[in-house]
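Below are the chains, spelled out letter by letter.
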Amino acid sequence: MEKNILKRVASLALALVMVLSVLVVVDPKEVSASEKSIKGTGTQKLTITDEEILNEYVTTGAVDYVYIKFKPSKTGYVTFKMSNASSQISYTNGYAALCNSKKALISTQDSFTDQQSGSVYNNITYGVKKGTTYYLRLDLYQMGTTVKAEFKSQSKSTANKKSKAKNLGKGKTAKGIMIANENKADWYKIKLSKSQQLKLTFNVKTNGVSKYDGVKFSLYKSNGKLFTSDAYDYISRYYGGKGNVTYYMSKRGSSKKYGIPKGTYYVKAERANKTSSGYYTLKWK
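So, how was this worked out
- Along each chain, numbering runs from 1 in the same order as the chain's sequence is written.
- A pLDDT threshold of at least 70 governs which residues receive local features in this predicted model, and a stricter bar of 80 or more applies before side-chain atom pairs are shown or counted, although totals over entire chains, interfaces and linings include all residues.
- Values reported for side chains reflect all heavy atoms of the structure, with hydrogen atoms and water molecules removed beforehand.
- Labels follow the DSSP assignment, with helices taken as runs of H or I lasting at least four residues and strands as runs of E lasting at least two, numbered in each case from the N terminus.
- Under the scheme applied here, a residue whose accessible area is under 20% of the maximum for its type counts as buried, over 50% as exposed, and between as partly exposed, the area being computed with a 1.4 Å probe on protein chains only.
- Per-residue and other accessible areas follow the Shrake-Rupley method at a 1.4 Å probe size, with only the shown protein chains counted as cover for residues.
- In this analysis, two residues are considered to be in contact whenever any of their non-hydrogen atoms come within 4.5 Å of each other.
- Here a polar contact is taken to be a pair of N or O atoms separated by no more than 3.5 Å, where protein atoms must pair a possible hydrogen donor with a possible acceptor and residues adjacent in sequence count only if both atoms sit in side chains.
- Pairing of aromatic rings covers Phe, Tyr and the six-membered ring of Trp, with a centre-to-centre limit of 6.5 Å; geometry is then stacked below 30 degrees between planes, edge-to-face above 60, and tilted otherwise.
- Note on criteria: charge over ring means Lys NZ or Arg CZ within 6 Å of the ring centre, with the direction from the centre no more than 35 degrees off the ring normal.
- One side-chain nitrogen of Lys or Arg within 4 Å of one carboxyl oxygen of Asp or Glu is enough to make a salt bridge.
- Two strands qualify as a pair provided that DSSP identifies no fewer than 2 bridges between them.
- Nonpolar cores were defined as sets of buried Ala, Val, Leu, Ile, Met, Phe, Trp, Tyr and Cys residues, with membership established by side-chain atoms within 4.5 Å.
- To obtain each axis, a line is fitted to C-alpha atoms, and for helices this fit is confined to the stretch in contact; angles are then taken between N-to-C directions over 0 to 180 degrees.

A. Molecular detail of the overall build of the protein. On a plain count of helices and strands, the protein comes out with 2 helices and 20 strands. Across the 285 residues that make up the protein, the buried fraction comes to 47%. Of the roughly 14400 Å² of accessible surface on the protein, 48% is carried by carbon and sulfur atoms.

B. The environment of threonine 145, seen in detail. Examined against the element boundaries, threonine 145 turns out to sit in strand E9 (residues 145–153). On the basis of relative accessible area, threonine 145 is assigned to the buried category, the value being 0%. It is 6.6 Å that separates the C-alpha atoms of threonine 145 and threonine 49, two residues lying 96 residues apart in sequence. Residues within four places of threonine 145 in sequence aside, it is in contact with Leu46, Thr47, Ile48, Met82, Ser83, Ala85, Thr92 and Leu140.

C. How the structure looks around the side chain of glutamine 44. On the secondary structure map, glutamine 44 appears in strand E2 (residues 43–48). Taking relative accessible area as the criterion, glutamine 44 reaches 18% and is therefore assigned buried. Reaching out from glutamine 44, the side chain makes a polar contact with the backbone oxygen of threonine 41 at a distance of 2.7 Å. Filtering out sequence-adjacent residues up to four positions away, glutamine 44 remains in contact with Ile38, Lys39, Val147, Lys148, Ala149 and Phe151.

D. Spotlight on the packing of aromatic side chains. Across all of its chains, the model carries 16 aromatic pairs by this definition. These aromatic residues form a ring-pair network of at least three members: Phe70, Phe80, Tyr126, Tyr134 and Phe151. The ring of tyrosine 67 carries lysine 103 above its face, with NZ or CZ at 4.5 Å from the centroid. The cationic tip of lysine 162 hangs over the ring face of tyrosine 266; the distance from NZ or CZ to the ring centre is 4.5 Å.

E. Local environment of the pattern of salt bridges. In this structure the tally under the stated criterion is 6 salt bridges. Lysine 36 serves as the salt-bridge partner of glutamate 52, at 2.8 Å between the closest nitrogen and oxygen. Of the two residues, glutamate 52 sits in helix H2 (residues 50–60) while lysine 36 sits in strand E1 (residues 35–37), which places them 16 residues apart along the sequence. In terms of burial, glutamate 52 and lysine 36 fall into one category: buried.

F. Representation of the pairing of strand E5 (residues 93–99) within the structure. Counting buried residues in E5 gives 6 out of 7 residues, a clear majority hidden from the surface. Direction of pairing for E5 relative to strand E6 (residues 110–113): antiparallel, over a ladder of 4 bridges. Bridge pairing links glycine 94 to phenylalanine 112 in E6. In terms of strand pairing, E5 meets strand E8 (residues 134–140) through 6 bridges, oriented antiparallel. The residue bridging alanine 96 from the neighbouring strand is leucine 138, located in E8.

G. Looking closely at the nonpolar core. Core analysis: the biggest nonpolar cluster contains 31 residues, and Phe70, Phe80, Tyr126, Leu136, Leu138 and Val147 have the highest contact counts within it. Going through the elements one at a time, E2, strand E3 (66–70), strand E4 (76–84), E5, strand E7 (124–128), E8 and E9 are the ones with two or more residues in this core. Excluding residues within four positions of it along the chain, leucine 136 makes contact with Val66, Tyr67, Ile68, Phe70, Phe80, Ala96, Ala97, Tyr126 and Val147.

H. Representation of the sheet that holds E6 in the model. The sheet built from 5 strands is open, its strands ordered E1-E3-E8-E5-E6 with mixed pairing. Each having just a single partner strand, E1 and E6 make up the two edges of the open sheet. The average undirected angle you get between the axes of adjacent strands in this sheet is 25°.

I. Representation of the sheet that holds strand E16 (residues 242–247). The strand order across the open sheet built from 4 strands is E11-E20-E13-E16, with neighbouring strands paired in antiparallel fashion. The strands lining the two open edges of the sheet, one partner per strand, are strand E11 (174–178) and E16. Within the sheet, the average angular offset between the axes of one strand and its neighbour, ignoring direction, is 20°.

J. Here's a closer look at the pairing of E7. Of all 5 residues making up E7, 5 are buried, and the element is well covered by its neighbours. Of the two faces of E7, both are covered, the one formed by Ile124, Tyr126 and Val128 as well as the one formed by Thr125 and Gly127. Judged from the 5 bridges that link them, E4 and E7 form a sheet pairing that is antiparallel. Residue pairing for E7: phenylalanine 80 is matched across the bridge by isoleucine 124.

K. Examining unusual backbone geometry more closely. Even without glycine at this site, lysine 103 takes up a positive phi of about 70°. For lysine 103, a relative accessible area of 29% puts it in the partly exposed group. In the Ramachandran plot, asparagine 181 falls in the positive-phi region, its phi being about 65° despite a non-glycine side chain. Mapped onto the fold, asparagine 181 is located in the loop between E11 and strand E12 (186–192).

Written as structure tokens, this is what we have:
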């Protein structure tokens, strides 16, 4: 904890000096930035001000994590976006992480910044369950920051085993969620009435800091074995949240691509690891 505090003090030093040059009096009784709360529905916004951060620094000698408490009114997913709200600094950056009701981490620590355009740097999504208390933990490297939370409803599939797989028709889109801190996969059944190349398309909104976070999609044969030893893909926010793969057959020494045999195949969607969660769509043609 001491190392984290020292790191935050160092990263905020310049900003605090700038604020101190224009703010003369700080009342230690003012509410600090350390804990706030939002409603768990719709679109919510709150701002952590320069004054709150400065007040905490003056009172305690450091700026600790900011915790934002929320309880979703419906099962689904929530996307957080941070933006600058400081009168002294022109941008915001830092790290965000999802915690359980005891403030224990249940996600990766995801970096964010509004200095660069594109959702890959500043949209962090978590799958959440109705009525469960969570905290968003922010490690702010700059000053005043506005947090926007957008809650979306999405039911969790009950097809958590291959034997319960849902039928997925050609060209149809399946939508689902991976709930944070919950290890339940979703299974889909694909029926090919004839031999053909099989193209799977994925879109995700997740947390994560690498390719191997987010959601993992795997293709299985009817006997429960992977179609090939590497018939899986990881899709996360850091790789644009989009991906596709085409499965086909080929003959040794030939570049020609053939369709895979007709029959029943299964797609398993699961968390890439124990810190992953989020929303996904899946379809095939």
